[in-house]
Amino acid sequence: MKHILLLTLIFISSPASADIATGWRAYEKGNYEEALHAATLSTEKERYALGCLAGVAQGGTIDKGQLAVKTLHLTIESCTEAFKIDLDNFEITAALSTALSFEGKRKRATDHANIARALLFNLISKHREKAESFGAYATWHSEVYAAGFFARMALGAKKSIAKEMFEEGKLRGEFDTGLQLEYVKFLARGKKAERAKAVIEAEKLIKAERNSPLDQYFITIGRGLLEALKAGDKKLLKKRLKTASLFVAIEDEKSEPTYKLDPWLIEYAEGLKE
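Every residue gets a number counted from 1 within its own chain, in the order that chain's sequence is written. Only residues with pLDDT of 70 or above have their local features reported here, since the model is predicted, and side-chain atom pairs are shown and tallied only from 80 upward, although totals for entire chains, interfaces and linings are computed over all residues. Hydrogens and water are ignored here; the side-chain numbers use all heavy atoms of the structure.

Draft legend 1. Region of interest: the overall build of the chain. Under the DSSP-based scheme used, a helix requires at least four consecutive residues in state H or I and a strand at least two consecutive residues in state E, with every element numbered from the N terminus. A tally of regular secondary structure across the chain gives 15 helices and zero strands. Atoms considered for the radius of gyration are the C-alpha atoms alone. The globule rule reads 2.2 Å times the number of residues to the power 0.38. Computed over its C-alpha atoms, the radius of gyration of the chain comes to 18 Å, within 12% of the 19 Å expected for a compact globule of 274 residues. C-alpha atoms of the chain, sized along the principal axes, occupy 55 × 40 × 40 Å. Residues counted as buried form 52% of the 274 residues belonging to the chain. By the convention used here, residues are in contact when the closest approach between their heavy atoms is within 4.5 Å. For the chain, contacts bridging at least 24 residues in sequence account for 65% of all contacts bridging at least 6. Areas reported as accessible are Shrake-Rupley estimates using a 1.4 Å probe. Residue values count occlusion only from the protein chains shown. Summed over all atoms, the accessible surface of the chain reaches about 13,300 Å², with 55% contributed by carbon and sulfur. Once the 42 positive and 38 negative side-chain charges of the chain are each reduced to a mean point, those two points are 8 Å apart. Only protein chains enter the accessibility calculation, which uses a 1.4 Å probe; a residue whose area is less than 20% of its type maximum is buried, one above 50% is exposed, and one in between is partly exposed. We count Lys and Arg on the positive side and Asp and Glu on the negative side, and we leave His and both chain ends out. To locate a charge, the coordinates of NZ of Lys, CZ of Arg, CG of Asp or CD of Glu are taken.

Okay, structure coming up:
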């Protein structure tokens, strides 16, 4: 998932606390744990946005096991509060949907997954000019479809919608590194012609001039997929696709209870139409 410096600059330039300013600087540098700590110390509203974006990065790329689950739950909480403050914010909505999707994956929680889907679909109407709006919604369908038959049936994911939305997004511009990786994964799971296209798109990804730790996380995964694609090694490709995401193996962490959704968020999502 993408982290946007514009959002960071807005918050830093506002009359926020020293903790928040320190937190955003830490986030920019990739010190996500420090950023999360700063968010917990602050009483400013901006702490929710910082906790939301830093939580996805820390929990998704660094924390493992039960710690990743704890961070994921704190991220959903922060993202929900940040979303209440700014319903139109693209980055916060995308981060909230990402966190909800992984909790849905962890506990096979259809409510969480369906709310994520509704929020992502709503992004398209709010941000039709953004390639990422279509790419994010495509990713939901692509990942749920790849999860297997029962996930598809329970949640209504379709490969055809994923394909259409990725292509619509590409008509509007290039994706950020996170969504470019998702596009590569979608193509890599396809037939020979799609895998050939995946090579081209993976080469674009690894050449991206992005230096943040989160960008480099996605680029490193893309490099591994490209190697498997070029080698024509389907077994290796399947293995690498399995770990080509944020919150790797979160589905194995079943012991923690399912995150209890905010009633406000449930009601809000129910009012959205797809």
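After presenting the structure, the write-up continues.
Draft legend 2. Layout of the pattern of salt bridges. Note on definitions: salt bridges are taken to be side-chain nitrogens of Lys or Arg within 4 Å of carboxyl oxygens of Asp or Glu. Taken as a whole, this structure holds 17 salt bridges when the rule is applied. As a salt-bridge pair, Glu143 and Lys185 come within 3.5 Å of each other at their nearest N and O atoms. Within this pair, whereas Glu143 is found in helix α8 (residues 131-146), its partner Lys185 is found in helix α11 (residues 177-188), the two being separated by 42 residues in sequence. In this structure, a network of salt bridges that share partners links the residues Glu143, Glu182, Lys185 and Arg189.

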